[in-house]
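# Topology and contacts: notes
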Amino acid sequence: MLTGLLEVSSGDAPWQLMAHHLQLWLEGELRITSRSPAWWLCITAPAALWERLPCSPPVNNHLIPREMNCDRELASAVLHMARKRCFNNSDASAVQDGMLLLRDTLVERQQPLHGQLNRCSGRTALRRHQTMLRLLRVQHLIRCNMEARLDLNRLAAIANYSPPHLIRIYREVFDETPFEYATRLRLQRAWHLVCTTELSICEIAGALGFETESAFCRSFKQSFACTASQARRNHAPGSSAGICSPPMERDAPPQLVAP
């Protein structure tokens, strides 16, 4: 995604893709729309084709569907594939070289995920990969419904686990429960809205699904050791350094690539 905002949907899980972000998608069709002007690139190829590419470094070359930040090096690899010269000659090696560059850059960015992949249950690499995909579906659904409190039974059904088993295996892989992950995302979003928008505290509380403004204010202060008003005041243009800090992101918050 270059500029603007894209609305992406697959089945019943719509989400938004912001500028300078990339979405790697491996499961079914996607519908992409934009309500405002936007520039974006899309590269598609059968999943099996990416898997059959030569793998020179001794690393796991499986691509994992995930949203990620699109840094300069990754954007360069995507743009290399999009250049017309890759497709205007009869030598297929140019296309393969471009795919290799993009695949290897994506794999490098996903190494932290591969560390978590090794913690998934399963006797074989394929089984562990399948477990990771199930858990990432749960994460994706949580991110797509940040404003609502998702039912644990629905999350478990998405992953084809029982609710207790989902909580246990999710914690083993990501060091937090699905509820803790959802809470962390809501707090990250709360910090962003407080410090970068002019929305009232009441409007922010409602947008994030808090029952009352006071409940939002209590949660915000417990998380950041300051009130929402103090955070906004200390991060206003020309103000001194803030007295509180935003929540730390554990993930750099994954055949379609849209940088």
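Remember, it's a predicted structure, so these values are computed and weren't measured experimentally. (Residues numbered from 1 in each chain as written. Predicted model: local features only at pLDDT ≥ 70, side-chain atom pairs only at ≥ 80, totals over all residues. Heavy atoms only, no water.)

For the rest of this paragraph, the subject is the state of the cysteines. Enumeration over the complete set of coordinates arrives at zero disulfides. Its sulfur unpaired, C202 is 9.4 Å from the next cysteine sulfur, which belongs to C217. (Disulfide = S-S within 2.5 Å.)

A few words on the pattern of salt bridges. Counted under the stated rule, the structure contains eight salt bridges. Among the charged side chains, a salt-bridge network with shared partners connects D71, E73, E108 and R109. (Salt bridge = Lys/Arg side-chain N within 4 Å of Asp/Glu carboxyl O.)

Let us now look at the environment of C120. Among the structural elements, C120 can be located in the loop between α4 (111-117) and α5 (125-144). Taking the C-alpha atoms as reference points, C120 and T131, separated by 11 residues in sequence, lie 6.2 Å from one another. Once residues lying within four places of it in the same chain are set aside, the contact partners of C120 are R128, T131, M132 and V173. (Helix = DSSP H or I, 4+ residues; strand = E, 2+ residues; numbered from the N terminus. Contact = heavy atoms within 4.5 Å.)

A few words on the nonpolar core. By size, the foremost hydrophobic cluster in this structure holds 22 residues, and its most contacted members are M132, L135, V138, L166 and F174. Every element with two or more residues in this core is listed here: α4, α5, α6 (152-159), α7 (163-174) and α8 (178-196). A total of six residues in this core trace back to one element, the largest contributor, which is α5. Counting residues in hydrophobic clusters, the runner-up holds 18 residues, among them L22, I43, C70 and L102. (Core = buried A, V, L, I, M, F, W, Y, C linked by side-chain atoms within 4.5 Å. Buried < 20%, exposed > 50% of the residue type's maximum accessible area, 1.4 Å probe, protein only.)

Attention now goes to unusual backbone geometry. In the Ramachandran plot, H20 falls in the positive-phi region, its phi being about 65 degrees despite a non-glycine side chain. In this fold, H20 is placed in the loop between β2 (13-18) and β3 (21-25). At N160, a residue that is not glycine, the phi angle is positive and equals roughly 65 degrees. Looking at the secondary structure, you find N160 in the loop between α6 and α7.

Remark: α5 packs on α6, axes separated minimally by 8 Å, with the N-to-C direction vectors making an angle of 140 degrees. As the angle between them shows, α5 and α6 are arranged oblique. The chirality of how α5 crosses α6 is right-handed. Listed contacts from α6 to R134, R137, V138, L141 and I142 of α5 are R154, L155, I158 and A159. The class makeup of the residues in the contact of α5 with α6 is six nonpolar, no polar and three charged. (Axes fitted to C-alpha atoms, helices over the stretch in contact; angles between N-to-C directions. Parallel < 35°, antiparallel > 145°, perpendicular 65-115°, else oblique. Left-handed = near helix turned anticlockwise from the far one by under 90°. Nonpolar A, V, L, I, M, F, W, Y, C, P; charged D, E, K, R; others polar.)

This paragraph deals with the packing of aromatic side chains. The tally for this structure, following the rule as stated, stands at seven aromatic pairs. Note on F216 and F220: the rings are 5.9 Å apart at their centroids and 45 degrees apart in plane angle, and the pair reads as tilted. On the criterion of helical spacing, the pair formed by F216 and F220 is a turn pair, its members being four residues apart in helix α10 (residues 213-224). On the accessibility criterion, F216 (1% relative accessible area) is buried. Counting every residue linked through ring pairs, the aromatic cluster contains W191, F210, F216, F220 and F224. (Phe/Tyr/Trp six-rings, centres within 6.5 Å; stacked < 30°, edge-to-face > 60°.)

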